[in-house]
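Commentary on secondary and tertiary structure
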Amino acid sequence: MIRTWQLRDARQSLVLASHENRLPEVIYWGAVLPEGEDLSQLVASSEMDVTGGMLDRNPELSISPEASQTFPGEPGLIARDGAGAPLRPAFRFASQEVGADRLVLVYRDAALGVTYRADFALDATTGMITARATLDSQTPIALHWLAAPVFPAPQLCDEMLEFSGRWCGEFQITATPWGPGQRVRDNHTGRSGHEHFPGLILPTRGASKTGGETRAFHYGWSGGHRMVAEELPDGRRQIQFGHASGSELTLGTRYETAPLYAAYSDAGSNGCAVIFQRHLRDRIVQFPAAAMPRPVHYNCWEAVYFDHDLTALCDIADRAAKLGAERFVLDDGWFGRRDDDTTSLGDWQIDPRKYPEGLAPLIAHVNALGMGFGLWFEPEMVNLDSDLARTHPDWLLGPKDQIEGRQQRVLDIARQDVRDHLFAAIDAILSAHPIEYVKWDHNRVLPHADAAQTRGIYALLDRLRAAHPGVEFESCASGGGRIDFGVLERTTRVWLSDSNDALERLRIQHDAALFLPMVVTGSHVGPRHCHTSGRVIDIRMRAWVAAQRHMGFEMDPRELTEDEAQALSEVTTWWKANRGWRARADILRLETGDPAVIAELQLAEDGLRFVVFAGQGETSAQILPRPLRLTGLDPQARYRLRLRNGAQAPALSRGAPALKAGVLALSGQALMGHGVNLPWGFAQTMWVIEGEKL
């Protein structure tokens, strides 16, 4: 007996098939199949041969490969019963729910008393497939590994693109060749991590940023993930995602994966990126005031650090507002006796030494300047030198002799009493002041992976958002240490990196755009002398890099010269004038013939306008810029282009390329097939091209 199911939209088909009531496998995921395709023939065509040294039947590479089927690779479930004996279910079909855009399949092993449920949904507007698995048991069991529904990987795929990184160096793309055996990432840091963004890109042979079949995945979980990319001896390939192995620390009767987001495109990795960007923006992030333009931020951290003085902060706020800031965020140092990072985390009461009248005078001053007010918290953490740690030493997670991170420990957020205490402390501050924004930090890894901690922080954030629906929350974790669609269900912005070095940011932002749209990606103009890299970078480069995303400032505005202030004000004015349409624009990464240049095109939702950012981080090997080919345009349409900042071309740019001299009008085909010539420039230059459809 064969059962088949299909989810489809205008771009893709996802077909599953089940034999003899066993768990189904994905037999097709790609370009949309014709109406009336005979799925029984598709099933027959997917049947593989058997030869010497093999079992007499190929075990299915199912949505949860089963050890009970003698599957030759990684099973989708590894668990033990309450007595410690291995569980090897043989699931059989129980029920189904079939809709135009959703498929729910339920399978049971009656003898073992366990039930497996797979939930697939296809959003026809964004093109995103979402898959989730649930395991129920009649008796408590110990779970080591539960994969979200498993997808096959294409065999015409030579390499997988993974994401690694570090502090101030997030979203580094690593190309790993396919070969026999497993490629495993198992992140036990307790957060999605600088090192382990839970994503994977699978380009079919010949695919690029702008063309070719590509598939991509993201596991929407903030507590550390496990990924298995495996090629079996018979050549088949599978992709598994789930929570970090062994992170369910107690026996239970129900376990559930996070959503696995899966995107298919025939337009290269940009096609998948657009699916992720739109789905995150339109389906996952919940803005308190969706129609409100994203405000320009000012964050005081790199201006004052822990040295809070009301007079100085008011002066900084005056200058920030004059530059164009619309929201002032007071960072670490306002609470307890927080004069450095060794003390007071957990004591969320305003420091009377620094603020004898509380935060009200500063907030009133900020509001009078027309800016909203935001405040920094790090609720999951605690210093040993704090009233909280002294009062509740039992609330600390992990052993007493653990290695600290940033002089701090982690609170056991899985405990209801800990969450109640934190809610009361944060709620008191938010209720007493007109605060519209919370920067929520997380500056160290957990002592061990524990899924209950992640569920606990989700619960606390959900409770705070319900109590304060007008407050926005930002996810920061020493920069980009906790960025994923799970935390973004509860936040509206991520701090992409602690690096405010414009050259490092240029690359990080470029690669993070595979998943993140402009509106959620915080990017700030840092100090002239970067505090994390030691580089000195021109204000125009710093400003334009920040203007690529949700713009803000984080330098001390008192350091700016008159020329620097003017340049920053001009870029900020441009950002405000264009933030409306750019909030819904697609970010398309451009192929460049020059490795010194990182470029992208942001295309308006209606296709009528775009902006190109072309950043040159270092001196090119060749003398002159190579033509920059655009993407995503209508080949038959004509476009008018203007170099927004051509006046900053140096004296050594002695020629007259059309963009430098004035307006250029070309067809979309010419712009994509040949490209445009930019002026010669020094390293650390950003060129900005504005385009409109004629």
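Let me begin by describing the structure that accompanies this report. (Residues numbered from 1 in each chain as written. Predicted model: local features only at pLDDT ≥ 70, side-chain atom pairs only at ≥ 80, totals over all residues. Heavy atoms only, no water.)

1. Some thoughts on unusual backbone geometry
- A positive phi angle is found at Asn21, which is not glycine, with a value near 65°.
- Topologically, Asn21 is positioned in the loop between strand S2 (12-19) and strand S3 (25-31). (Helix = DSSP H or I, 4+ residues; strand = E, 2+ residues; numbered from the N terminus.)

2. Points about the packing of helix H10 (residues 539-547) against helix H11 (residues 562-582)
- One way to put it is that H10 packs onto H11 with a least axis distance of 10 Å and a crossing angle of 15°. Viewed along their axes, H10 and H11 adopt a mutual orientation that is roughly parallel. With respect to the hand of their crossing, H10 and H11 are arranged in right-handed fashion. Contact residues: H10 offers Ile539, Arg540, Arg542, Ala543, Trp544 and Ala547, while H11 offers Asp563, Glu564, Ala567, Leu568, Val571, Trp574, Trp575 and Arg582.
- In the contact of H10 with H11, the residues fall into 9 nonpolar, no polar and 5 charged. (Axes fitted to C-alpha atoms, helices over the stretch in contact; angles between N-to-C directions. Parallel < 35°, antiparallel > 145°, perpendicular 65-115°, else oblique. Left-handed = near helix turned anticlockwise from the far one by under 90°. Contact = heavy atoms within 4.5 Å. Nonpolar A, V, L, I, M, F, W, Y, C, P; charged D, E, K, R; others polar.)

3. Quick word on empty space enclosed by the protein
- Under the criterion given, the structure shown has 7 cavities of 30 Å³ or more.
- What the largest cavity holds in volume is close to 150 Å³.
- Lining the largest cavity are 15 residues, with Asp594, Val597, Pro625, Arg626 and Leu678 sitting closest to its centre.
- When residues in the lining of the largest cavity are grouped by element, the largest group, 3 residues, is from strand S32 (residues 609-616).
- Among the residues forming the lining of the largest cavity, the class breakdown is 8 nonpolar, 5 polar and 2 charged.
- In this structure, the second largest cavity encloses a volume near 90 Å³.
- What lines the second largest cavity is simply Leu143, His144, Trp145, Leu146, His243, Ala244, Gly246, Ser247, Glu248, Tyr255, Glu256 and Thr257.
- If you list the elements that add at least two residues to the lining of the second largest cavity, you get strand S9 (129-146) and strand S18 (252-256).
- By residue number, the principal contributor to the lining of the second largest cavity is S9, which donates 4 residues.
- Within the lining of the second largest cavity, the residues separate by chemical class into 5 nonpolar, 5 polar and 2 charged. (1 Å grid on protein atoms, 1.4 Å probe; cavity = no way out; pocket = protein on both sides within 12 Å on 5 of 7 lines; lining within 4 Å. Points joined across faces, edges and corners; volume = space filled by probe spheres on them.)

4. Some thoughts on the side chain of Arg490
- Structurally, Arg490 is set in the loop between strand S26 (472-475) and strand S27 (493-495).
- Owing to a relative accessible area of 12%, Arg490 belongs among the buried residues under this scheme.
- In this structure the side chain of Arg490 is engaged in a polar contact, spanning 3.0 Å, whose partner is the side chain of Asp462.
- Contacts of Arg490, omitting those with residues within four sequence positions, involve Tyr458, Leu461, Asp462, Arg465 and Phe473. (Buried < 20%, exposed > 50% of the residue type's maximum accessible area, 1.4 Å probe, protein only. Polar contact = N/O pair within 3.5 Å; in protein donor to acceptor, adjacent residues only side chain to side chain.)

5. Digging into the sheet that holds strand S21 (residues 327-330)
- Around the barrel, which closes on itself, the 8 strands sit in the order S20-S21-S22-S25-S26-S27-S28-S29 with parallel pairing between neighbours. Going across the sheet, the axis of each strand differs from the next one's by a mean of 30°, ignoring polarity.
- In this structure, S21 lies alongside strand S22 (residues 372-377), joined through 4 bridges in parallel fashion. For Leu330, the partnering residue across the bridge sits in S22 and is Leu375.
- Against the sheet, H11 makes contact with strand S28 (521-525) and strand S29 (550-553), and its axis sits at roughly 155° relative to S29, the strand it touches most. (Pairing = 2+ DSSP bridges.)

6. Some points on the packing of aromatic side chains
- This model, assessed by the stated rule, comprises 34 aromatic pairs.
- Here the aromatic rings of Trp680 and Phe682 are separated by 5.1 Å at their centres, their planes lie at 75°, and the arrangement is edge-to-face.
- Under the relative-accessibility criterion, Trp680 is labelled partly exposed at 23%.
- An aromatic cluster is defined as three or more aromatic residues linked by ring pairs; in this entry it consists of Trp29, Phe120, Phe151, Phe217, Tyr219, Phe241 and Tyr264.
- Over the ring of Phe93 we find Arg3, and its NZ or CZ is 3.8 Å from the ring centre. (Phe/Tyr/Trp six-rings, centres within 6.5 Å; stacked < 30°, edge-to-face > 60°. Lys NZ or Arg CZ within 6 Å of the ring centre and 35° of its normal.)

7. Things to note about the layout of surface pockets
- Reported here for the largest pocket is a volume of approximately 700 Å³.
- Looking at the largest pocket, it is lined by 25 residues, and the ones nearest its centre are Val26, Ile27, Ser46, Pro152 and Arg236.
- Among the elements of the structure, S3 and helix H1 (39-46) are those that each provide at least two residues to the lining of the largest pocket.
- Ranked by residue count, the leading element in the lining of the largest pocket is S3, at 6 residues.
- A per-class count over the lining of the largest pocket returns 11 nonpolar, 5 polar and 9 charged.

8. A look at helix H2 (residues 268-284)
- The end-to-end C-alpha distance of H2 is 24 Å, a good match for the 24 Å that 17 residues give at a rise of 1.5 Å each.
- The buried fraction of H2 amounts to 14 of the 17 residues, a majority that puts the element mostly inside the structure. (Expected span 1.5 Å × (residues − 1).)

9. What to know about the nonpolar core
- Counting 166 residues, the largest nonpolar core has Phe328, Leu330 and Leu516 as the members making the most contacts within it.
- With near-sequence residues (within four places) excluded, Leu330 lies in contact with Cys300, His308, Leu313, Tyr355, Leu359, Leu362, Phe373, Gly374, Leu375 and Trp376.
- Of all hydrophobic cores here, the second largest spans 26 residues; its members include Ala614, Leu659, Leu664 and Met672. (Core = buried A, V, L, I, M, F, W, Y, C linked by side-chain atoms within 4.5 Å.)

10. Remarks on the pattern of salt bridges
- With the rule as written, the count across this model stands at 58 salt bridges.
- Two residues, Glu35 and Arg8, come together in a salt bridge whose shortest N-O distance is 3.8 Å. Here Arg8 lies in strand S1 (residues 2-8) and Glu35 lies in the loop between S3 and H1, a separation of 27 residues in the sequence.
- Taking relative accessible area as the criterion, Glu35 reaches 70% and is therefore assigned exposed.
- Arg540 is the salt-bridge partner of Asp563, the closest N and O atoms lying 3.1 Å from each other. One end of the pair, Asp563, is in helix H11; the other, Arg540, is in helix H10, and 23 residues separate them in sequence. (Salt bridge = Lys/Arg side-chain N within 4 Å of Asp/Glu carboxyl O.)

Read these as layout, nothing more, since geometry by itself doesn't imply function.
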